[in-house]
Every structure is written in C-alpha cells, then in structure tokens.
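Geometric and topological summary
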Amino acid sequence: MTHILLRFVHISDTHISHDPNYVSDRGVHPTRNAEALVAQINNLPFKPDFVLHTGDVIYNPDEAAYEKARTVLGQIRYPVHYLAGNHDSSEMLQRVFLQRETVQPAYHYQFEVNGVQVVCMDSTGPATPPSGTVIDDQLAWLRSITEADDPRPLVVAVHHNTLETGVPWLDTFMRMANGDALHAALLPARHRIRGVFYGHIHQNSQTLRDGILYSSVLGSWYQIHSWPGQTETTLEPDAEPGFNIVTISTDQTHIRNHRYSV
Ligand SMILES: [Fe+2]
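Given the structure is predicted, the values throughout are model-derived calculations rather than measurements.

Section: the sheet that holds strand 10 (residues 242–249)
- Judged by pairing direction, the sheet is mixed, and its five strands sit side by side in the order 3-2-1-10-11 without closing on themselves. Pairing within the sheet leaves two strands with one partner each, and these edge strands are strand 3 (80–82) and strand 11 (253–259). Between one strand axis and the next, the sheet turns through 25 degrees on average, direction left out of account.
- In terms of strand pairing, strand 1 (residues 4–11) meets strand 10 through six bridges, oriented antiparallel. From the neighbouring strand, phenylalanine 8 faces strand 10, where its bridge partner is valine 246.

Considering helix 2 (residues 63–73)
- Within helix 2, burial applies to Ala65, Tyr66, Lys68, Ala69 and Leu73. Buried residues along helix 2 cover an arc of 160 degrees about the axis, so they all sit on one side. Among the exposed residues of helix 2, those pointing more than 90 degrees away from its buried face are Ala64 and Thr71.
- On the buried face of helix 2, the contacting elements are helix 1 (30–42), strand 3 and helix 3 (90–97).

Structural notes on the packing of helix 4 (residues 136–146) against helix 6 (residues 179–186)
- At their nearest, the axes of helix 4 and helix 6 sit 8 Å apart, and the two run at 25 degrees to each other. In terms of axis orientation, helix 4 runs roughly parallel to helix 6. Packed against helix 4, whose contacting residues are Leu139, Leu142, Arg143 and Thr146, the element helix 6 presents Ala181, Leu182, Ala185 and Leu186 at the interface.
- Taken together, the residues of the contact of helix 4 with helix 6 sort by class into six nonpolar, one polar and one charged.

Considering the nonpolar core
- Core analysis: the largest hydrophobic core is formed by 51 residues, its most contacted members being Ala69, Met121, Val155, Val156, Ala157, Leu186 and Val196.
- Other than its neighbours up to four places away in sequence, valine 156 contacts Val119, Met121, Leu186, Ile193 and Val196.
- Core analysis: the second largest hydrophobic core is formed by six residues, Val167, Trp169, Ile201 and Ile224 among them.

Re unusual backbone geometry
- The omega angle of the peptide bond from proline 129 to proline 130 is 5 degrees, so this bond is cis rather than trans.
- Unlike most non-glycine residues, asparagine 114 shows phi in positive territory, near 50 degrees.
- Looking at the element boundaries, asparagine 114 is found in the loop between strand 4 (109–113) and strand 5 (116–120).
- With 11 C-beta atoms counted inside 10 Å, the residue asparagine 114 sits in the exposed group.
- Its identity as a non-glycine residue notwithstanding, histidine 202 has a phi of 55 degrees, on the positive side.
- Examined against the element boundaries, histidine 202 turns out to sit in the loop between strand 7 (193–198) and strand 8 (205–209).

Describing the sheet that holds strand 9 (residues 212–216)
- Sheet architecture is open: six strands sit in the order 4-5-6-7-9-8, paired in mixed fashion. Each edge of the sheet is formed by a strand with only one pairing partner; in this case those strands are strand 4 and strand 8. Going across the sheet, the axis of each strand differs from the next one's by a mean of 20 degrees, ignoring polarity.
- Alignment of strand 7 against strand 9, held across three bridges, turns out to be parallel. Across the sheet, phenylalanine 197 pairs through a bridge with serine 215, a residue of strand 9.

Scoring rules and cut-offs
- Residues numbered from 1 in each chain as written.
- Predicted model: local features only at pLDDT ≥ 70, side-chain atom pairs only at ≥ 80, totals over all residues.
- Pairing = 2+ DSSP bridges.
- Helix = DSSP H or I, 4+ residues; strand = E, 2+ residues; numbered from the N terminus.
- Axes fitted to C-alpha atoms, helices over the stretch in contact; angles between N-to-C directions.
- Buried ≥ 20, exposed ≤ 12 C-beta atoms within 10 Å, placed from the backbone.
- Arc of directions from axis to C-beta.
- Contact = placed C-beta atoms within 7 Å.
- Parallel < 35°, antiparallel > 145°, perpendicular 65-115°, else oblique.
- Nonpolar A, V, L, I, M, F, W, Y, C, P; charged D, E, K, R; others polar.
- Core = buried A, V, L, I, M, F, W, Y, C linked by C-beta atoms within 7 Å.

See below:
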C-alpha cells in the first residue's frame, strides 16, 4: 500500500475583475465562478494540506482587482500558494494581493509540506503575450535545486504550458517561449519530480516527457479547446469550471479531475 504524503487542490485562472458585472462574451462571470470554487474547496469531504493557484488570479493587473480577489479567495480556509500568470503583475500580486513588504523581481519560491518539496516558478518574464518566460536568474535558482543531492519528492508549479504538443495554438501562441530551457533545468531531478502543475490553457491535460508528468487544470472561469490542428483561441461553450485533487505518495502521483456547476 502506497504511503500518502500530502493532498492538495490545484486551481487556476480565476481572472477576477474589480467590476462585479464583468462577464466573458459568453456571459460567464469570473467572480461568481470563483466564489463557487471557494465554496467547493471549503466543502470538500477531506482536509487538503494546501491549495495551489497556478496564476491569472485577476483579469488584468489593477489594484482594485487584487483587492476584490483578496475578499473572494481570502475565504478559502486552507493555506493557498499563488503563482503569477500572464494576466497578473508579479509586483502587484506580492504587494497588493499578498501584502508582502518585500517584493521580489520575479515571484518564485519553495516550501516543504510533509517532507515534499514544492517549487513555484514565475513564467511572466519578457515575451509576446500571452506567452512568457522564466528568466535566467530563476533558471539558475531552479538548477541549484534540481542538481542538489536531495531525496525529497519534488512538486513543481508554473503558469504557462512548457512543452510542445503538436497543437499550433498551444505551441506557437500560448507556450512559454523558453519552455525547453525549463524542461532541461528539471531533468536532473526527474527521478524525484512528482509532477509539474500548470494552468493558462483552461483545460485538463497531461504530457509525459523524459519521465516528468506535466498536468494542467481547468480554469474557474471559461474553458478553451485545444484540438489537434487548432490555431485560434476556441472556447468550449458551456463547459463547467473545475479543479484537480492531487495526491502525492511515497511512490506515485494521483490526480483526480473535478468539474462543478455554478
Ligand atoms: Fe494565462
């Protein structure tokens, strides 16, 4: 029997606006959906160790949106770890949303829960939006972790999709511009990496490369297709939002995809 080390809830792309009436062109309301997500998390029939939000906390960087997001996501009754997405400002995320006195140029950090090391990256470096990059200093920091003689299971989180998939929309429009460099920096630790968790594409998907599993999650706002051959952003009409429950054990990773109605 595998020994469970931790369980966390993977959420992403809440896109909360300062405007309570803001909706997508299909009438999907980001704040209402985020409030429903908070209710889902707070009513789970078990106690997760933490919640991981892989970025795009708000719709566009403005302080009022982060204040609104604080009131909505602040209701989650478990610890929440946040990443910056392309719709975020790393600076405002730290200063306004997280109320940090010291602001890092890029918001990357690590922590440990139940013997599992968790590394959160900031992929909002220079690139043509909605792409992004992980800047060189951050890659060097990541290599110091992945090349260390460290036996702990390792969980990695980043906002953007890292690898090519053969879907033009994902590969040439959405993907991190230096995704290959990120994957190369992870390789030395592939024996202990339990997953690379990301958002951005508003869809569940899994990619396994060199023994490293990349797993994305639905947004809490609207969902987007990623069909083979797709070149344009193509919404998935009427698709429900969702979240993933991730269970990390001594010898495996289990991911359960959930959807919910608003
Ligand atoms: Fe994004």
